[in-house]
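Analysis of the macromolecular model
Now for the letters of each chain:
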Amino acid sequence: QPVAGEVLDHLEQLALVDFRDAEGVERLRRAIQFADQLHEVNTDGVEPMDSVLEDRCLYLREDDVTEGNCAKELLKNAREKVEEYFVAPPGNIPLPKLEERETFLQGS
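This report concerns the structure included in the present document. Here the structure is a predicted model, which is why all the values come from computation and not from measurement.

This part covers the overall build of the chain. If you tally the helices and strands in the chain, you get four helices and two strands. Ordered by position in the sequence, the α and β elements of the chain form the string α-α-α-β-β-α. For the chain, buried positions account for 14% of its 108 residues. A separation of at least 24 residues holds for 57% of the contacts in the chain among residues at least 6 apart in sequence. Of the accessible surface of the chain, which amounts to about 9800 Å², a share of 53% is contributed by carbon and sulfur atoms.

Laid out in structure tokens, this is it:
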């Protein structure tokens, strides 16, 4: 079934993924079909969980600082940065307008 343009815009902004070409739209369609298999699982009477480990006590280690003040050295690893922050994912794409994708959406 076709993916609405507004939904596609919203997904692009959430995922920072480009769906502007037929390959991107097809990748999204396959991901949705894969996730739809979850609807076949019978969950009647199953209580929702916050975590798969919610019945266990999680032990935390002491938060001892052993190194620090090395932001400049760490930022040398960044392909792209803004001020003192990593840009992730590197090379974020400008999101296309809905009109630019109409030809791909019409064929779906």
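Once the structure has been displayed, the description carries forward.
Take the pattern of salt bridges next. Enumeration over the complete set of coordinates arrives at two salt bridges. E26 is paired through a salt bridge with R29; the nearest N and O atoms lie 2.9 Å apart. Here E26 and its partner R29 are both found in helix α2 (residues 22–36), three residues apart, which amounts to about one turn of the helix. For E26, a relative accessible area of 32% gives the class partly exposed. The shortest N-O distance in the salt bridge between R30 and E26 comes to 4.0 Å. Of this pair, R30 and E26 are both found in helix α2, four residues apart, which corresponds to roughly one turn of the helix. What makes R30 partly exposed here is its relative accessible area of 45%.

The rules behind the values
- Residues numbered from 1 in each chain as written.
- Predicted model: local features only at pLDDT ≥ 70, side-chain atom pairs only at ≥ 80, totals over all residues.
- Heavy atoms only, no water.
- Helix = DSSP H or I, 4+ residues; strand = E, 2+ residues; numbered from the N terminus.
- Buried < 20%, exposed > 50% of the residue type's maximum accessible area, 1.4 Å probe, protein only.
- Contact = heavy atoms within 4.5 Å.
- Areas by Shrake-Rupley, 256 points an atom, 1.4 Å probe, with all protein chains shown as cover.
- Salt bridge = Lys/Arg side-chain N within 4 Å of Asp/Glu carboxyl O.

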